[in-house]
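Residue strings, one per chain:
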Amino acid sequence: MRFSGFESLLDKAKGLGRAKVAVAVAADKEVLEAIKIAEKEGLITPVLVGDSEQIKRLAQEIGLSLDGAELIHELDPEVAVHKAVDAVVDGQAHFLMKGQINSSDFLRAVLRPVRGLRTDRLLSHFSAFQVPEFSRLLFVTDGGMNIAPNLAQKKEILANGILYLQGIGMESVNVIVLAANEVVNEKMPVTLDAQALTKMSQAGEFPGAIVEGPLALDGAVSAVALKHKGIVSRINGDVDLFLVPTIEVGNVLGKSMVYFAGATMAGIVLGAQVPIVMTSRNDTSRSKFMALTMAALSRGL
Ligand code: COD
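This write-up is about the structure you can find in this document. Because the structure is a prediction, the values reported are computed rather than measured.

1. Observations concerning the overall build of the chain
Phase 1: Each helix and strand counted, the chain has 11 helices and 11 strands in total.
Phase 2: Its C-alpha atoms give the chain a radius of gyration of 19 Å, within 12% of the compact-globule value 19 Å for 301 residues.
Phase 3: Seen through its C-alpha atoms, the chain measures out along the principal axes to roughly 60 × 40 × 30 Å.
Phase 4: A total of 301 residues make up the chain; the buried ones form 54% of that total.

The structure is reproduced here in structure tokens:
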């Protein structure tokens, strides 16, 4: 099963009932607009942590009712993130969302050694893209958390992504380990890692997924490109998930889809005790709402 677009994720998430989401540094119009839509769709009730006067003013401006919401007043953004993590750890909220705060500061609070949200898994960023003219959602990992993962970390990042996609209903996942070309070359260490991951996949280490690489972007999405290059690929242009070599590649790939191709992006963090919504501060309210939907869907995985 494949997801044709975000609406199909939303349909699935609606069946799960409401969850409480703690929003770290919530005084932001796009964040609150996303909360408003998610609340209306029956997905969430919010715990809004931040400058409560500003939150109330913005809520009034966009017509968000705060009747069912909890407000935790905190003016200092760094302290607000910790209070939002506290709310999750203390069972006041089922998951966490990043608001108007820098990603690294947000993630450091998530990873704090005492009363943090770590597990025995590596945490990794995972994003979904709805690209106009594309018949299915595309997924990218990790363009937001792990900076330059080594082979063992790439394996964990991949496992997180595959587990998520299988958990939300995709029985088989086509993964391309992205590189600049298809030839394994020791001067390009990314290609060596890609080859190693492909071998692991062939040995059955990623059940329910086909992992192939190294492959360049064109061969990942186009059977015509593969034919021109004379490359045989089991995935044959039908990629679901891109494993990128570094955070920069993931970030540029994602933002290219958004800015050059008009895609909508939604990002979450996997591998923590609870789902975490982590979108870019520049993302639209629709992006943030879709990320909330993705996180809501992953409850219980
Ligand atoms: N999963 C689990 N534990 C982790 C992870 C992870 N992905 N990363 C670090 N840890 C643990 C380490 O094992 C260690 O115990 C502790 O956390 C601190 O590790 P450091 O010293 O490597 O971590 P930091 O605090 O310097 O950096 C961790 C960040 C996640 C903050 C850092 O990697 C980062 O800034 N990533 C990029 C975020 C970003 O800018 N994204 C932009 C796109 S929106």
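2. Looking at the sheet that holds strand 1 (residues 19–24)
Phase 1: Spatially, 3-2-1-4-11-10-5-6-9-7-8 is the arrangement adopted by the 11 strands of the open sheet, whose pairing is mixed. Two strands in the sheet have a free side with no partner beyond their single neighbour: strand 3 (70–73) and strand 8 (209–215).
Phase 2: The pairing of strand 6 (residues 138–141) with strand 9 (residues 241–243) spans three bridges and is parallel. From the neighbouring strand, Val 140 faces strand 9, where its bridge partner is Phe 242.
Phase 3: Across the sheet, helix 5 (residues 103–110) touches strand 1, strand 4 (95–98), strand 10 (264–270) and strand 11 (276–277), and the angle it forms with strand 4 is around 160°.
Phase 4: Its contacts with the sheet place helix 10 (residues 247–261) against strand 5 (124–130), strand 6, strand 7 (173–178), strand 9 and strand 10, and it is angled at close to 150° to strand 6.

3. Some thoughts on the site of the ligand
Phase 1: Close contacts around the ligand come from 13 residues, with Ser 104, Arg 108, Leu 123, Gly 144 and Met 145 the closest.
Phase 2: The backbone of Leu 123 places a nitrogen or oxygen atom 2.9 Å from a nitrogen atom of the ligand.
Phase 3: Contact between the ligand and Met 145: a nitrogen atom at 2.9 Å from a main-chain N or O atom of the residue.
Phase 4: Protein coverage of the free-state accessible area of the ligand, which is 880 Å², stands at 61%.
Phase 5: In terms of residues, the shell around the ligand owes the most to one element, helix 5, which gives four residues.
Phase 6: For the shell around the ligand, the residue count by class is seven nonpolar, four polar and two charged.

4. Considering the packing of helix 4 (residues 77–89) against helix 5
Phase 1: The contact between helix 4 and helix 5 brings their axes to 9 Å, and the two run at 40°. As summarised for this structure, helix 4 and helix 5 are arranged oblique, according to the angle between their axes. Relative to helix 5, the crossing made by helix 4 is right-handed. Taken together, the residues of helix 5 that come into contact with helix 4 (itself represented by Glu 78, Val 81, His 82 and Val 85) are Asp 105, Phe 106, Ala 109 and Val 110.
Phase 2: Taken together, the residues that form the contact of helix 4 with helix 5 break down as five nonpolar, one polar and two charged.

5. As for the nonpolar core
Phase 1: With 88 residues, the main nonpolar core has Phe 95, Leu 96, Phe 106 and Leu 292 as its most contacted residues.
Phase 2: It is helix 11 (residues 285–297) that provides the largest number of residues to this core, a total of eight residues.
Phase 3: Of all hydrophobic cores here, the second largest spans 17 residues; its members include Phe 129, Phe 242, Val 244 and Ala 263.

Parameters at a glance
Residues numbered from 1 in each chain as written. Predicted model: local features only at pLDDT ≥ 70, side-chain atom pairs only at ≥ 80, totals over all residues. Heavy atoms only, no water. Helix = DSSP H or I, 4+ residues; strand = E, 2+ residues; numbered from the N terminus. Rg over C-alpha atoms; globule rule 2.2 N^0.38 Å. Buried < 20%, exposed > 50% of the residue type's maximum accessible area, 1.4 Å probe, protein only. Pairing = 2+ DSSP bridges. Contact = heavy atoms within 4.5 Å. Axes fitted to C-alpha atoms, helices over the stretch in contact; angles between N-to-C directions. Near = heavy atom within 4 Å. Polar contact = N/O pair within 3.5 Å; in protein donor to acceptor, adjacent residues only side chain to side chain. Areas by Shrake-Rupley, 256 points an atom, 1.4 Å probe, with all protein chains shown as cover. Nonpolar A, V, L, I, M, F, W, Y, C, P; charged D, E, K, R; others polar. Parallel < 35°, antiparallel > 145°, perpendicular 65-115°, else oblique. Left-handed = near helix turned anticlockwise from the far one by under 90°. Core = buried A, V, L, I, M, F, W, Y, C linked by side-chain atoms within 4.5 Å.

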